[in-house]
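Per-entry structural report
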Number of protein chains: 2
Amino acid sequence: MSVSILDHRSSARPADRDAHRAHLLTRLRDELSDGEVFTGDDDLDRVATDRSGHRLPGRPLALVRPWTTAGVAATLRLASATGTVVVPRGAGTGLSGGASAPDGSLVLSTERLNRILQIDPADQVAVVQAGVVTADLDAAAAEHGLTYAPDPASWRQSTIGGNIATNAGGLHCVKYGVTRESVLALTAVLADGTVLPVGHRTIKGVAGFDLTGLFVGSEGTLGVVVEATVRLRPRPARTRTLAAWFPSAAAAAAGVLVALAQGVTPSVLELLDAGTLRAIDEGQGTDLAEYGSALLLVQTDGLGADAEIAALAGALVDLGADVDLPEGAEADRYFELRRSGRVLDERLWFVGEDVAVPRSAMGPLLERIERIGAAHGVSTSVVAHAGDGNLHPAFTLPRVTGESEPPLALERAADDLVRAALALGGTITGEHGVGITKRRWLEQELGAPVVDLQRRLKSVFDPAGVLNPHTWLAKEPSWPAS
Amino acid sequence: MSVSILDHRSSARPADRDAHRAHLLTRLRDELSDGEVFTGDDDLDRVATDRSGHRLPGRPLALVRPWTTAGVAATLRLASATGTVVVPRGAGTGLSGGASAPDGSLVLSTERLNRILQIDPADQVAVVQAGVVTADLDAAAAEHGLTYAPDPASWRQSTIGGNIATNAGGLHCVKYGVTRESVLALTAVLADGTVLPVGHRTIKGVAGFDLTGLFVGSEGTLGVVVEATVRLRPRPARTRTLAAWFPSAAAAAAGVLVALAQGVTPSVLELLDAGTLRAIDEGQGTDLAEYGSALLLVQTDGLGADAEIAALAGALVDLGADVDLPEGAEADRYFELRRSGRVLDERLWFVGEDVAVPRSAMGPLLERIERIGAAHGVSTSVVAHAGDGNLHPAFTLPRVTGESEPPLALERAADDLVRAALALGGTITGEHGVGITKRRWLEQELGAPVVDLQRRLKSVFDPAGVLNPHTWLAKEPSWPAS
């Protein structure tokens, strides 16, 4: 794979480079429609990074927001022909820098491909364009008594295309699977402009390699997804909620294993540790931390919801938990606090992480996180999609006046965490993706031969190496954050 | 990709070819241990095809049954170095000729890699070698109150490696997903002998392309799977069974859609048409066909099993079905008849098929199958994993004394069926794989650009083109059956 991101920066003379870029913009405007190419500072600044805040040196050349698949294809054809880096972009809610744009690149947004093309209640599938917002799809499905299950925390902003690019998870994935389990087919535009439909509308199908699965989670390196056929499911007629309070995070982690041994698959199984409960209390004026040092928030759904929640409650009470069975608005309030409670506090430096471990390793990892915090003198808090062993630890320090960079202790704590997760048989990212910010750990997890194989796979789809070559598959060291 | 299957046949002189083969055998015996290489006629005849019965001209050079991964790697290294075709083989229960061996090839069996390495009740995972029999894994899991969900009809003979190669389905996949949804990680040996572990022991993980998913269903063309980490699930404490009788297959298909709209995910949802009921009655001495012209066999499991079966029963009674709720041995008997009832009758020519369609298209396809049977003068019968829209139609004709080949009418009927499934938005294979016997339809489903892309993907893993190059990715016309 030719990694061409340096081409623009290494032009011998700035004047040549500027002439090349001006020519590229002219050709881009020729190929696309009026109002699809943006070069204003505000636009470029907005799309230069994602929610990770990780910015690369320089600035993108243009933001392209096509109205059509043809516009996506034209942009990619031109990029391949000229060796120009393309950064595919959904809503920009990614957390790993997967949509951080290098100098001279084209940011290719799918946000205008935002039509729900079909909702089929009989087949329980929807056909949507990539720019459809996740929550909008779920709302449209709800009109037919159906739901789109994958629900990343950003689901009110994130798009299906972005969800597919990162194989997004969420609260309900413990029962219904991650995005991969809901994508039956998709249409991707390859780097050379080829429009490639893969997969099938059927639930099952084994004709050929699973290219749909290969695109899901590929973080914009294989092609730009413009359309998808996704699975919908009957909207549960009934849900039940359980809040179980434990004296420690490790005790709550033991509760997770006990809960999952009951022959019940909960529709939500979240763990909030003491640091998270305190953060929510500070942000929302609640008093959660007074009830215990860790909370398991559990939901069951469907016709067995009552029997299931009773079984789980019994098992957790036997384990010594204080169990509450909130209903109605009180139950909703718990989920609202879980989703939005841990707001960013501007008085704090904050490094959020995303690792997953085998479920039995959650207890050991939670204890390890406390030790990591103590060793680096940083505060820790953890929320976890505990049913899947997927933890989001955060490390924080108070901002000191005049500090322009986060203290290194935060990054060091994060590094210790990721290495600890790997040592426990885990992965460096459960659902956020590798992007740029987690690239330094990728080879530790996969090993050099697998990373090399992945590079060769990319080159089959993108021989010119223009699709996100600077992110997780790049050979060079990470770009410095600016 | 160099497709080298013709090399051996096209040697200029038979004497040269024989010398080459003798030399290859000598090297193979040097590399492997005593008792790992077999060249007897009986052995080679046994492994020359799978349960499809599709035999290729000539005979394989040797059967290799290594005791270790090192033996698998040595075989593949030698094959790549000499351009020798390798046919990976599990239990040989495949139905599409994916393990049919061409002349001069090495059949590489994983049946001796048959150890269950670990069952971890806390993580609910098992680590197994590829040759472990599916039912043996489930039995071992049962000792811990767990189950391995994917249950192809051949599960008492089939191996986990073979299940992975074909992404095998089964009765329980409507609730628990196909093999893909139960494989977390695997170790494959590539064509050059590289031992490549991919995936992770965690439930979630998005570091890099989903190579695990790429190997699942690749039918032995990317590597030889030697080990897998698979998901286990709590064994349901309770199951309930429902038998619903309908006046026609189309009415039963309508019942499937109604059942799936109830907000219940049944653990089994099978459809048996009149032809199948008659075949079972003839084979087993039952009188199923007297109860109706089509049967939906439904199971629910878990703590909600009673509420769920009641909801389904109510909805199907409202639809006009005659509903029975068998328990205990009576319920078991239904499943036994479903699994093993449709025995091959030696007085009949039989062509069995495997297609999947969107669930709403099942009714139209079932009606179409009856018309296809009438048009070609052949008898039809259908069993379907109806919850997934996966149909197994069979076409039969009485054997006439002296006939050595099945009448062309059977193949013509099968061809009409597959084309009808494609026209309804379906796939040429829901769970059996493409192998050799379904290759003629592959490009109709995927289109030439996708097939070409798949060939280029294979060449990344197998540049010498030695792993099953003669099956679904071959460019030449199908080998004639002998």
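For every chain, the first residue of the written sequence is number 1, and numbering continues from 1 along that sequence. Both sets of labels track the order of writing: A upward for chains, 1 upward for ligands. Reporting in this predicted model follows two pLDDT cut-offs: at least 70 for local features of residues, and 80 or more for side-chain atom pairs to be given and counted; totals over whole chains, interfaces and linings ignore these cut-offs and use all residues. Just so you know, side-chain values use all the structure's heavy atoms and leave hydrogens and water out.

Let's shift gears to the overall build of chain A. Along the backbone of chain A there are 15 helices and 19 strands. In this setup the radius of gyration rests on C-alpha atoms only. A globule is expected at 2.2 Å times the number of residues raised to 0.38. Its C-alpha atoms give chain A a radius of gyration of 23 Å, within 12% of the compact-globule value 23 Å for 482 residues. Judged by the C-alpha coordinates and their principal axes, chain A covers about 70 × 60 × 40 Å. Only protein chains enter the area calculation, which uses a 1.4 Å probe; residues under 20% of their type maximum are buried, those over 50% are exposed, and those in between are partly exposed. Within the span of chain A, comprising 482 residues, buried residues form 61% of the whole. Contacts: residue pairs with any heavy atoms within 4.5 Å of one another. Pairs at least 24 apart in sequence give 73% of the contacts found in chain A among residues at least 6 apart. Secondary structure elements follow DSSP: runs of H or I no shorter than four residues count as helices, runs of E no shorter than two count as strands, and numbering proceeds from the N terminus.

Another point: the packing of aromatic side chains. We call Phe, Tyr and Trp rings a pair once their centres come within 6.5 Å, taking the six-membered ring for Trp, and we label the pair stacked below 30 degrees between planes, edge-to-face above 60, and tilted otherwise. Across all of its chains, the model carries 6 aromatic pairs over all chains by this definition. Arranged with centres 4.8 Å apart and planes meeting at 75 degrees, the rings of Trp472(A) and Phe209(B) form a pair that is edge-to-face. Of this pair, Trp472(A) sits in the segment after helix H15 (448-461) while Phe209(B) sits in the loop between strand E9 (195-199) and helix H7 (211-215), each in a different chain. Taken individually, Trp472(A) and Phe209(B) each receive the classification buried, so the pair is uniform in this respect. Of note, Arg399(A) hangs over the ring of Trp349(A), and the distance from its end group to the ring centre comes to 3.9 Å. Charges are assigned to positions over rings by a cutoff of 6 Å between ring centre and Lys NZ or Arg CZ, combined with an angular limit of 35 degrees from the ring normal.

Our focus in this paragraph is the domain arrangement of chain A. Residue and element names in this part refer to chain A. These domain limits were set by an automatic method or by a database of domain assignments. Each assigned domain of chain A is listed with its residue range as follows: domain 1 (116-234), domain 2 (239-340) and domain 3 (348-432). Facing 9 residues of domain 1, the contacting portion of domain 2 comprises 11 residues. Surface buried jointly by domain 1 and domain 2 totals about 880 Å² across both partners, of which 53% is contributed by carbon and sulfur atoms. Each reported salt bridge corresponds to a side-chain nitrogen of Lys or Arg within 4 Å of a carboxyl oxygen of Asp or Glu. Where domain 1 packs against domain 2, one counts 2 salt bridges. Side-chain atoms alone can form a polar contact between residues adjacent in sequence; in general such a contact is a pair of N or O atoms within 3.5 Å, and within protein one must be able to donate a hydrogen while the other accepts it. Joining domain 1 to domain 2, the criterion identifies 4 residue pairs in polar contact (both at pLDDT 80 or more). Residues of the side of domain 1 that touches domain 2, tallied by class, amount to 6 nonpolar, 1 polar and 2 charged. Buried area counts how much accessible surface, traced with a 1.4 Å probe, disappears from two parts once they are put together, with both parts' losses summed. Side-chain classes are defined by residue name, with Ala, Val, Leu, Ile, Met, Phe, Trp, Tyr, Cys and Pro counting as nonpolar, Asp, Glu, Lys and Arg as charged, and the others, Gly among them, as polar.

A least-squares fit on C-alpha atoms brings the copies together, and the residues used are those whose pLDDT is at least 70 in both copies. When chain B is fitted to chain A, the residual RMSD is 0.0 Å, and the transformation amounts to a turn of 180 degrees plus an axial shift of 0.0 Å. Between the two chains, the operation in question is that of a two-fold axis. Taking C-alpha positions as the reference, the residue of chain B nearest the rotation axis is Gly304(B), at 1.8 Å.

Residues and elements named next belong to chain B. Its place among the elements puts Arg112 in the loop between strand E4 (106-109) and strand E5 (116-120). Here the side chain of Arg112 touches Arg65 through a polar contact of 2.9 Å, landing on its backbone oxygen. For Arg112, the residues in contact, after removing those within four places along its chain, are Gly35, Glu36, Phe38, Arg65, Pro66 and Trp67.

Residues and elements named next belong to chain A. In this scheme, strands are said to pair when DSSP sees at least two bridges between them. Spatially, the 5 strands line up as an open sheet ordered E5-E6-E10-E8-E9, and their pairing is antiparallel. Strands at the two margins of the open sheet, each flanked by one partner only, are strand E5 (116-120) and strand E9 (195-199). Within this sheet the neighbouring strands show an average axis-to-axis angle of 10 degrees, counted without direction. Relative to strand E10 (residues 224-231), strand E8 (residues 183-189) runs antiparallel, the two being bridged by 6 bridges. Residue pairing for E10: Ala185 is matched across the bridge by Thr229. Axis lines are fitted through C-alpha atoms, for helices just across the contact stretch, and the angle between N-to-C directions can take any value from 0 to 180 degrees. The sheet contacts of helix H4 (residues 134-142) involve E5, strand E6 (125-129) and E10, and relative to E5 the element is tilted by about 40 degrees.

Take the interface of chain B and chain A next. As a measure of interface size, the accessible area lost when the parts come together is often cited. Listed per partner, the contact involves 75 residues of chain B and 75 residues of chain A. Taken over both partners, the interface formed by chain B and chain A buries close to 5600 Å², and the fraction arising from carbon and sulfur atoms is 66%. Taken as a group, Lys204(B), Val206(B) and Phe209(B) account for 17% of the area that chain B buries against chain A, more than any other trio of residues on that side. Run the count over chain B and chain A and you get 2 salt bridges. Note that Lys204(A) is salt-bridged to Glu431(B), the shortest N-O span being 2.6 Å. Linking chain B with chain A are 19 residue pairs in polar contact (both at pLDDT 80 or more). If you list the elements that add at least two residues to the side of chain B that touches chain A, you get E9, H7, helix H8 (249-260), helix H10 (305-318), helix H14 (442-446) and helix H15 (448-461) of chain B. Looking at the side of chain B that touches chain A, the element that brings in the most residues is H15(B), giving 9 residues.

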